[in-house]
Amino acid sequence: METVKSIGIDAGSTTLKIVGVNEEGKILFTIVEDADPKVEEQTESILNKLKENYDIESSKIVATGYGSNLIKADKKITEITCHAKGIYEHFKSGGTAVDIGGQDNKVILISKGGKVIDFIMNDKCASGTGRFLENTAWRLKIPTEKMAELALNSDGEVKISSTCAVFAESEVISHLSRGEKLEHVIKGLHRAMVKRITSMIYAIGFNPPLMLSGGVAKNKAVVKMLEEELGEKPLIPENPQIMGAFGAALLGLSK
Amino acid sequence: MLHIKIPTRREVIEKAKAEGKKIAAVYPIHYPRELFRAFNIQPIEVWGPPKTDTKKANAHLQSYICSVVQSGLAFYLEGGINVADIIVVPHSCDSLQGLGSIYKDFIKPKQELITIYLPREKNRENVEFLSKELKRIYKQLAEFTHFEPDREKLLEEIKKEEEIDVLVAKFYKSRENLPLSSREFYTILRAREYLPVELFKNILNYALLHSSSGKLKKTGIVISGLLPEPMEILDVIDEMDGFVALDDMACCMRRVYGEGSADDPFERMAERIVNSTPDPTKGSSVDERADFLKSLIDISGAKGVVFYNVKFCEPEYFYHPLLKDKLNESGIKSIVIETDINEPISQQTITRIKAFIEMLKEESRWA
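Only a predicted model underlies this, so the values are computations on that prediction, with no experimental measurement involved. (Residues numbered from 1 in each chain as written. Chains lettered and ligands numbered in written order. Predicted model: local features only at pLDDT ≥ 70, side-chain atom pairs only at ≥ 80, totals over all residues. Heavy atoms only, no water.)

K.L.:
I'm lost on the domain arrangement of chain B in this one. Help?
P.N.:
As a measure of interface size, the accessible area lost when the parts come together is often cited. Residue and element names in this part refer to chain B. Domain boundaries assigned for chain B yield domain 1 (9-150) and domain 2 (215-366). With centres defined by C-alpha atoms, the gap from domain 1 to domain 2 works out at 25 Å. Taken together, the contact pairs 38 residues of domain 1 with 32 residues of domain 2. At the boundary of domain 1 with domain 2, total buried surface from both sides reaches about 3,100 Å², with 62% on carbon and sulfur atoms. Together, His30, Trp47 and Lys122 form the three largest contributors to the area buried by domain 1 at its contact with domain 2, with a combined 20%. Counting across the interface, domain 1 meets domain 2 through three salt bridges. The salt bridge partner of Arg272 is Glu34, with a shortest N-O separation of 3.1 Å. Viewed at the interface, domain 2 and domain 1 are joined by 13 residue pairs in polar contact (both at pLDDT 80 or more). Counting residues per element, the side of domain 1 that touches domain 2 draws most heavily on helix H6 (residues 124-145), which supplies eight residues. (Domains from an automatic or database assignment. Contact = heavy atoms within 4.5 Å. Buried area = accessible area lost by both parts, 1.4 Å probe. Salt bridge = Lys/Arg side-chain N within 4 Å of Asp/Glu carboxyl O. Polar contact = N/O pair within 3.5 Å; in protein donor to acceptor, adjacent residues only side chain to side chain. Helix = DSSP H or I, 4+ residues; strand = E, 2+ residues; numbered from the N terminus.)

Have a look at this one:
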């Protein structure tokens, strides 16, 4: 049975991510689940199941994310520090880390040595977050994962002027009722979201490379448009959702 | 932790009324407390108050007016200022100037309304201008109270305020040696907004008695803005093993005035206000403000600056990008946090403050 030295738990607004690492920081397991409202019980249940395959008795537990206050952990560290650590260790590079999560975005400037130089987060608003796309997908009865495909294959684009998730939804409906093609509207919606993220990146000062994390980094249309807007091909980890939990686990190794 | 009983605004008002004093409800920011005290008037400042239901004020004000002014008007409309005999509105910003006009032209309150026109730059002409303005207010107060304090009485009250300013500066200087949380420290400091001068002096002296040689081994922060509301920010800073080492806040440090030099009481009061620390509502230059913030960092050993800005406070907003750049050039980290004094602090805000302190600690570890 392998010994897990540190476990990072990222209790986000939409998903719960758990990563276990050994003494060298090598990932032993990753778990991603939809976040339960009772995240503390959900976490406990996952940890109990892990005991069947891993020795986690002496594991350091580091929690991050909005639900971290509810989780029993040895340390609680903010998402900014955890994402920066995870992304830096994954790419072994400083630059601009952009985490696009379910309900918030973070842009973090990381130094060559891996320090957080500066950061910016969206305010009490879902503009530019995963929820921005999810809302409309739900309203149009389109699976979220299909949204990127529609946008990528669109031969046109409608301008969505609102960056507010609620107003954008109304704007989408009004465009469709005027006869605009669905894929043009969906592409416009992606563009509005990307423009919001880009403005956050420029607000803090873009320093390449651009490194993405968070669930929305899996959306190929968002990735392509970010490249178009910034003129820089983003680096994306194989599993962008776990970067915060990975960083938390790594921070559990440091004294 | 010190156990200091600080009377509430209500208790102070009731006692002052029982003693036959008049009450002045004073809106932010600068005004000469000593002038009102000389007329046996107790100034009670109205910084909102926080967590006010602003629905009645919303009907009269644009939605982009800051929550301090929104609450200030709502508080009046709800009867919160009924107890006051005088309402004082310094023209600190466009919104407060607008509030002054609303009172004068539309509300026409039963209370005596006093507006104060405040000059901007530090220069001789502005001292003369404000001196004349204070003489105008003196006359208005004399007519209202049927009392004319003489030069000696005015100077006596000015000296009292000057002494308090020295004591407040000492209180700030002793910050690291005081067994007080950031919230306790600022609760004491902000009691000046409504306490009689002697009582405030006693509280400060009592707190200073508990100053020790041991310093707080925490990460110091300089906080800049109008006021530390919601006060939960102070708890979050302390929770992260940080503390507010010094501030550049309108309700606190920006109103710790220096001693005046003139023998004429009006000129002396004017000098004190005109020559106060750099202030966005007084049009101080970006360089002046940046240098002042840097000096606060140098004096206190603080590691970064939190701009705790009330949403829609335009005078503050204009400076942020420029100040952030200037501080960055000197290797000083800063963050802008937007607040509304009527709303609880959001989880996003808590995360930002915590992440900022984590960043500062990491910076110190590498240094």
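K.L.:
Explain unusual backbone geometry here, please?
P.N.:
Looking along the chain, the bond that leaves Pro208 of chain A and enters Pro209 of chain A is cis, with omega of 0 degrees. Locating Pro209 of chain A in the fold gives a position in the loop between helix H6 (182-204) and strand E11 (210-213). Cis geometry is adopted by the peptide bond preceding Pro230 of chain B, which originates at Glu229 of chain B and carries an omega value of -5 degrees. Positive phi, normally seen in glycine, also occurs at His146 of chain B, with a value near 60 degrees. With respect to the secondary-structure elements, His146 of chain B resides in the loop between H6 and helix H7 (151-173). The class of His146 of chain B is exposed, set by a relative accessible area of 73%. (Buried < 20%, exposed > 50% of the residue type's maximum accessible area, 1.4 Å probe, protein only.)

K.L.:
Before we go on, may I ask you to explain the interface of chain A and chain B in this structure?
P.N.:
Counting residues at the interface gives 18 residues for chain A, matched by 19 residues for chain B. Both faces considered, chain A and chain B share a buried interface measuring about 1,700 Å² in area, 53% of it formed by carbon and sulfur atoms. Taken together, the connections running from chain A to chain B amount to two salt bridges. There are five residue pairs in polar contact (both at pLDDT 80 or more) connecting chain A and chain B. Elements represented by at least two residues in the side of chain A that touches chain B include exactly helix H2 (79-91) and strand E10 (116-121) of chain A. Sort the elements by how many residues they give to the side of chain A that touches chain B and E10 of chain A lands first, with five residues. Residue classes in the side of chain A that touches chain B are distributed as seven nonpolar, five polar and six charged. (Nonpolar A, V, L, I, M, F, W, Y, C, P; charged D, E, K, R; others polar.)

K.L.:
Would you mind showing me how to read the packing of helix H3 (residues 130-140) of chain A against H6 of chain A here?
P.N.:
Describing two packed helices takes the angle between their axes plus the distance from one axis to the other. All names here are of chain A. Where H3 contacts H6, the axes come no closer than 9 Å and their chain directions differ by 160 degrees. Considering the angle they form, H3 stands roughly antiparallel to H6. The element H3 and its partner H6 pack so that their crossing is right-handed. For the pair H3 and H6, contact is made by Gly130, Phe132, Leu133, Thr136 and Leu140 and by Leu182, Ile186, Leu189, His190, Ala192 and Met193, respectively. When the residues that make up the contact of H3 with H6 are grouped by side-chain class, the tally is eight nonpolar, three polar and no charged. (Axes fitted to C-alpha atoms, helices over the stretch in contact; angles between N-to-C directions. Parallel < 35°, antiparallel > 145°, perpendicular 65-115°, else oblique. Left-handed = near helix turned anticlockwise from the far one by under 90°.)

K.L.:
Sorry, what's going on with the pairing of strand E1 (residues 22-26) of chain B here?
P.N.:
On a regular strand, one side chain projects to one face of the sheet and the next to the other, so that they alternate. All names here are of chain B. Among the five residues of E1, four are classified as buried, and the element is accordingly described as predominantly covered. Here E1 runs beside strand E2 (residues 41-45); their pairing, made up of five bridges, is parallel. Across the sheet, residue Ala24 finds its bridge partner in E2, namely Pro43. For the crossover from E1 across helix H2 (residues 33-38) to E2, the handedness is right-handed. Bridge analysis of E1 against strand E3 (residues 86-90) gives three bridges, and the strand direction is parallel. Bridge pairing in E3 places Ala24 opposite Ile86. (Pairing = 2+ DSSP bridges. Right-handed = clockwise from strand over helix to strand, strands pointing away.)

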